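Commentary on secondary and tertiary structure
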Amino acid sequence: MKLSFSTLAVAASLTFAATSLSAQAETIKIGVTPGPHAQILEAVKPIAAKQGVTIEIVEFSDYVVPNQALDSGDIQANSFQHEPFLDNQKADRGFKIENVASTVTFPLSIYSKKYKSWNDIPEGSTVAIQNDPTNGGRSLLLLQAKGLIKLKEGVGFKPSPLDIIDNPKKLKFLEIEAAQTPRTLDDVAAASINTNYATSAGIDPSAIILTEDAKGPYVNVIAVRSVDKDKPWVKILVDSYHTPEVKSFIEKTFKGSILPSW
């Protein structure tokens with residue numbers, strides 16, 4: 001059978017389109033911590049899939065391994081950390097990864113099962129904070145912002161309890177891995193807990209006795225390896241996250257406890 005030029009042209013066009021679609025199709029693994037970050041990525045998945053990017057969500061139980069896994073190439077992106085934490089990890093560990101997009105803000109809060117307000121906490125009580133410099137420092141900065149302790153001048157985003165120069169309640173600080181802070185609530189007067197861990201642990205928001213203001217430097221980010229930052233799938237991932245549908249999902253699901261930040 002003899003094919004016309006137009007028939008051949010159509011066939012070639014269809015072949016090229018199929019090849020292009022196949023070339024665009026990607027499966028990427030994204031590291032998250034359990035709870036809100038994973039929930040939000042579930043909302044992003046179908047949007048990215050329509051553009052040829054399949055997202056596999058990989059959950060990690062702490063804040064260090066997701067960056068190690070990304071740097072080593074075991075995953076292609078992660079979405080779990082704010083920028084000061086990422087910058088600290090890169091400086092301390094030499095990770096060749098970088099921020100490609102802002103995602104959400106999780107206002108940090110201090111919770112208590114024993115006391116209804118900060119004023120009720122007795123002198124000499126123990127408060128649990130995170131043992132990593134950026135999140136533990138963030139907790140101390142929250143206490144300072146509320147006028148409850150005073151820190152040395154120039155401590156930046158990473159103060160430690162050693163930087164406290166005024167402590168009217170003579171508080172003691174228990175430094176513990178961020179993921180374990182919810183478990184301390186039965187044993188301490190109060191605990192500073194990141195929102196994703198409080199949510200995944202099912203802690204009632206009524207246990208909050210102090211919380212950060214909504215605006216601040218602790219916006220969460222999507223990170224990828226530096227060598228991947230200009231790849232097409234990165235733009236698709238970011239554009240899929242930064243959609244009205246995902247913003248609406250965040251607002252309806254978390255009711256102000258987590259804020260879209262793009």
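All values derive from a computational prediction rather than experimental measurement. (Residues numbered from 1 in each chain as written. Predicted model: local features only at pLDDT ≥ 70, side-chain atom pairs only at ≥ 80, totals over all residues. Heavy atoms only, no water.)

Reading across from one edge, 2-1-3-12-4-13 is the order of the six strands in this open sheet, with mixed pairing throughout. On the outer flanks of this sheet lie strand 2 (53–59) and strand 13 (259–260), each paired with one strand and no other. (Pairing = 2+ DSSP bridges. Helix = DSSP H or I, 4+ residues; strand = E, 2+ residues; numbered from the N terminus.)

Glancing now at the confidence of the model for the protein chain. Mean pLDDT for the protein chain: 90, with 90% of residues reaching 70 or above. Note that pLDDT drops below 50 for residues 5–23; the model gives that stretch one contact with residues more than four away or on any other chain. (pLDDT = per-residue confidence, 0-100. Contact = heavy atoms within 4.5 Å.)

Residues other than glycine seldom take positive phi values, yet Lys-170 does so here, at roughly 55 degrees. Position of Lys-170 among the secondary structure elements: in the loop between strand 8 (164–166) and strand 9 (172–176). For Lys-170, a relative accessible area of 52% translates into the label exposed. (Buried < 20%, exposed > 50% of the residue type's maximum accessible area, 1.4 Å probe, protein only.)

Contact geometry of helix 2 (residues 36–49) with helix 8 (residues 244–254) gives a least axis separation of 10 Å together with a crossing angle of 145 degrees. Crossing handedness for the pair helix 2 and helix 8: right-handed. Packed against helix 2, whose contacting residues are Pro-36, Gln-39, Ile-40, Ala-43, Val-44 and Ile-47, the element helix 8 presents Glu-245, Val-246, Phe-249, Ile-250, Thr-253 and Phe-254 at the interface. Grouping the constituent residues of the contact of helix 2 with helix 8 by class yields nine nonpolar, two polar and one charged. (Axes fitted to C-alpha atoms, helices over the stretch in contact; angles between N-to-C directions. Left-handed = near helix turned anticlockwise from the far one by under 90°. Nonpolar A, V, L, I, M, F, W, Y, C, P; charged D, E, K, R; others polar.)

The next point concerns the sheet that holds strand 10 (residues 190–193). With respect to topology, five strands assemble into an open sheet ordered 9-6-10-5-11, the strand pairing being mixed. On the outer flanks of this sheet lie strand 9 and strand 11 (208–211), each paired with one strand and no other. Across the sheet, the axes of successive neighbouring strands diverge by a mean angle of 25 degrees, strand direction being ignored. Alignment of strand 5 (residues 109–111) against strand 10, held across three bridges, turns out to be antiparallel. Residue pairing across strands places Tyr-111 opposite Ala-191, the latter belonging to strand 10. Along the sheet face, helix 5 (residues 133–145) touches strand 5, strand 6 (126–130), strand 9, strand 10 and strand 11 and points at about 135 degrees away from the line of strand 6.

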